[in-house]
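Summary of structural features
Given next are the chains, with one letter for each unit.
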Amino acid sequence: MKPRHIVIIGGGITGLSAAHTLYQRMRELGPELQITVLERENQLGGKIRTHREGGFVMEEGPDSLLARKPAGVRLIEQLGVTSEIVNSREEGMKTYIVHNGRLQTLPARTNMGIPAHWPSFFDTPLLSSAGKLRALLDLVLPPMEITGDVSIGAFLRRRLGDELVDHLIEPLLGGIYAGRLDDLSLLSTYPQFRQLEQKYGSLIRGSMRQRQAAPTLTSNHGRSVFITLKNGLQTLVERLHDELHPHISLLTQAEVTRIEPTEGGAYRIAANVAGEVRTFAADAIICTAPAQVAATLLSPIVKEAQALADIPYVSTAVVLLGYQRAQLNVDLDGAGFLVPRKEGRTITACTWTSSKWPHTTPEDQALVRCYVGRAGQQEALALPDDELLQRVMRDLADITGLTARPWFTRVVRWNAAMPQFLVHHQEKLASVTEALATHAPGLFLAGAGYHAVGIPDCIANGEKTAEAALAHIQSL
Ligand SMILES: Cc1cc2nc3c(=O)[nH]c(=O)nc-3n(C[C@H](O)[C@H](O)[C@H](O)COP(=O)(O)OP(=O)(O)OC[C@H]3O[C@@H](n4cnc5c(N)ncnc54)[C@H](O)[C@@H]3O)c2cc1C
């Protein structure tokens, strides 16, 4: 094979996973394959960022990954850090939902808020009797007739009623996307709910059956539902860097500004690398940058790619608060709490990190992590850090009674960070990827902005796209 060059735009977990797969294949194919990763920021990892200081392991972005999706654990194993996996203490711990300003326990054994255990459903004060009766209609309603896609909100409201959706499901599910269920696509977010409906004729019945067969700590290879790594998820990025570094060109402060097709189906990439314009010849390109950037880079080549600019992104912030344990005036006896929209709070969710993940915090300290901002509730993000912090602390005091002063705080802003997969997202994306395959073979899209936001999904998508890019260059 003539020497070939694959360029990956973006050094987040998707781009690095793609690079890792290519590196493994490089060892088979030899020096004929060259790989370059171009990352705009001055560090790799994208949304994955851990701040380690004074014995604290503070996640500024994601704090855990789903163990049941194999790509995440597999990558951890391949990188030799299996012994660093930490199980969440969440199982057996309480999680709370704010209801009329007060903390109420999340009913035990739900499937993302869908009842999967009768006693806890009937006991919960989160729903009125009318709300419970309405939810039970799910047991008899026929499946929804759907052609194409529908919003997950419309789908769930029809089966389970507004109360269950607004009080329980929205804070749980919407939190993952920082989105609004009435806008998000069923097919692109939780298609498994549609399958439950089809298979069991009822979401509640289906959830109960699945719950009986659900993985426990022992059946899930001894892992909790969510896992992390002892020194934070950035370990993944560091291990990937160490493994790839000598063999793959990993450039940071390298912002891709233009892509042009050249002779013979190849491409020329222009990038601003630490203030200097450089060009790279590529036989294939994997673009993992967010959709707005991809639209700008790809639409001059394939006009259909302009549609990517319509994928909205929501901004969020993570606020970390550290306390001397001795000064805490409340017992953080749980994993944390979720805040439904109608409560009208600044905080959308809060993790009692030192309780859920004790390894992150020295024993005499406590760490609390609050989220701010979601679709339709982003006003507070316009506030300067100190005002945002005041609002967060006021919410914490009102909701939990926590009035102790944190001795340190950290506000981490994530602007336009969470892609929103709106209804018909998949169809729109399919027309862009088809147009790319037809008019610009060798140009691939991968990552959170297009397929799924969870870390294991991003890893799987990066790996799969790397194989597609390799197949492309082998066909040249
Ligand atoms: C606050 C927060 C909490 C989260 N919590 C969780 C969680 O607990 N569990 C979970 O599984 N997921 C979580 N997620 C989601 C998950 O972290 C992300 O979806 C995932 O890390 C995205 O990876 P990516 O590589 O696709 O994109 P990114 O990490 O966004 O990487 C894309 C990269 O492209 C670079 N780039 C952009 N433009 C250019 C350009 N022109 N040239 C070169 N490079 C460019 C960017 O700088 C960036 O580094 C969370 C996300 C956020 C923001």
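What counts and how
- Residue positions within a chain follow its written sequence, with the count starting from 1.
- Note on the predicted model: pLDDT of at least 70 is required for a residue's local features to be given, and 80 or more for side-chain atom pairs to be given and counted; whole-chain, interface and lining totals, by contrast, use all residues.
- The side-chain values count all of the structure's non-hydrogen atoms but skip hydrogen atoms and water molecules.
- Helix axes are fitted only over the stretch in contact, all axes being lines through C-alpha atoms; the angle between N-to-C directions runs from 0 to 180 degrees.
- Numbering goes from the N terminus for both helices and strands, where a helix is a DSSP run of H or I of at least four residues and a strand is a run of E of at least two.
- In this scheme, a crossing is called left-handed if the near helix is turned counterclockwise away from the far one by less than a right angle; it is called right-handed if the turn is clockwise.
- Whether two residues touch is decided by their heavy atoms; if any such pair falls within 4.5 Å, the residues are in contact.
- Residue type decides the class: Asp, Glu, Lys and Arg count as charged, Ala, Val, Leu, Ile, Met, Phe, Trp, Tyr, Cys and Pro as nonpolar, and the leftover types, Gly among them, as polar.
- Domain extents, as shown, originate in an automatic or database domain assignment.
- Throughout, buried area stands for the accessible area (probe radius 1.4 Å) lost by two parts on being put together, summed over both.
- For this document, the term salt bridge refers to a Lys or Arg side-chain nitrogen within 4 Å of an Asp or Glu carboxyl oxygen.
- Polar contacts, as used here, are pairs of N or O atoms within 3.5 Å; protein pairs need one atom able to donate a hydrogen and one able to accept it. Residues neighboring in sequence count only if both atoms are side-chain atoms.
- The criterion for strand pairing is that DSSP finds at least two bridges linking the strands in question.
- Cavities and pockets were defined on a 1 Å grid built from protein atoms only: a cavity is a group of points that admits a 1.4 Å probe but offers it no way out, a pocket is an open group of points flanked by protein on both sides within 12 Å along at least five of seven lines, and a lining residue is one with an atom within 4 Å of any such point.
- Grid points are joined across faces, edges and corners, and a volume is the space filled by probe spheres set on the points.
- Partly exposed residues are those whose accessible area sits between 20% and 50% of the maximum for their type, while under 20% is buried and over 50% is exposed, using a 1.4 Å probe and protein chains only.

**Remarks on the packing of helix α1 (residues 13-29) against helix α10 (residues 234-244)**
One way to put it is that α1 packs onto α10 with a least axis distance of 10 Å and a crossing angle of 35°. Note on packing geometry: the crossing formed by α1 with α10 is left-handed. Between α1, through I13, L16, A19, H20 and Y23, and α10, the contact on the second element is made entirely by L236, V237, L240, E243 and L244. Grouping the amino acids of the contact of α1 with α10 by side-chain chemistry returns eight nonpolar, one polar and one charged.

**Looking at the domain arrangement of the chain**
Domain annotation of the chain identifies domain 1 (4-47 + 234-310 + 421-474), domain 2 (112-211) and domain 3 (312-419). In this structure, domain 1 and domain 3 have C-alpha centres spaced 34 Å apart. Together, the buried faces of domain 1 and domain 3 total about 660 Å²; carbon and sulfur atoms form 71% of this surface. Considering only the side of domain 1, the residues that lose the most area to domain 3 are K47, F421 and V453, jointly responsible for 48% of the buried surface there. At the boundary of domain 1 and domain 3, one finds zero salt bridges. Linking domain 1 to domain 3 there are one residue pair in polar contact (both at pLDDT 80 or more). The residue inventory of the side of domain 1 that touches domain 3, partitioned by class, reads six nonpolar, three polar and two charged.

**Observations concerning the sheet that holds strand β11 (residues 226-229)**
Either a parallel or an antiparallel arrangement is found when strands of a sheet pair, and the pairing is made through backbone hydrogen bonds. Spatially, β5-β11-β6 is the arrangement adopted by the three strands of the open sheet, whose pairing is antiparallel. Looking at strand neighbours, the two that pair on one side only are β5 (65-66) and β6 (85-87), the edges of this open sheet. Sheet topology note: the β5/β11 ladder contains two bridges and is antiparallel. Within β11, the residue paired with L66 across the bridge is F226.

**Some details on the layout of surface pockets**
Put simply, the second largest pocket is a space of about 280 Å³. Of all the elements in the fold, those that place two or more residues in the lining of the second largest pocket are α14 (425-439), β22 (443-445) and α15 (455-474). Looking at the lining of the second largest pocket element by element, the count peaks at four residues for α15. The residue makeup of the lining of the second largest pocket, split by class, is seven nonpolar, five polar and one charged.

**Quick look at empty space enclosed by the protein**
Inspection of the entire model under this criterion finds two cavities of 30 Å³ or more. Considered as a void within the structure, the largest cavity measures approximately 80 Å³ in volume. Contributions of two or more residues to the lining of the largest cavity are made by β4 (56-59), β11 and β20 (365-372). For the lining of the largest cavity, the element with the most residues is β4, which contributes three residues. Per-class residue counts for the lining of the largest cavity are six nonpolar, five polar and three charged. Taken as a whole, the second largest cavity encloses approximately 50 Å³ of empty space. Contributing to the lining of the second largest cavity are 13 residues, with P107, T110, G113, P115 and F121 lying nearest its centre. Breaking the lining of the second largest cavity down by element, the ones donating at least two residues are α3 (118-123) and α6 (162-177). Here the residues of the lining of the second largest cavity sort into seven nonpolar, five polar and one charged.

**Digging into the pattern of salt bridges**
Tallied over the entire structure, the rule returns 25 salt bridges. The residue R158 makes a salt bridge to E197 at a minimum N-O spacing of 3.9 Å. Here the residue R158 occupies a position in helix α5 (residues 152-160), and E197 occupies one in helix α8 (residues 191-200), the gap between them amounting to 39 residues. Overall, the relative accessible area of 0% leaves E197 in the buried class.

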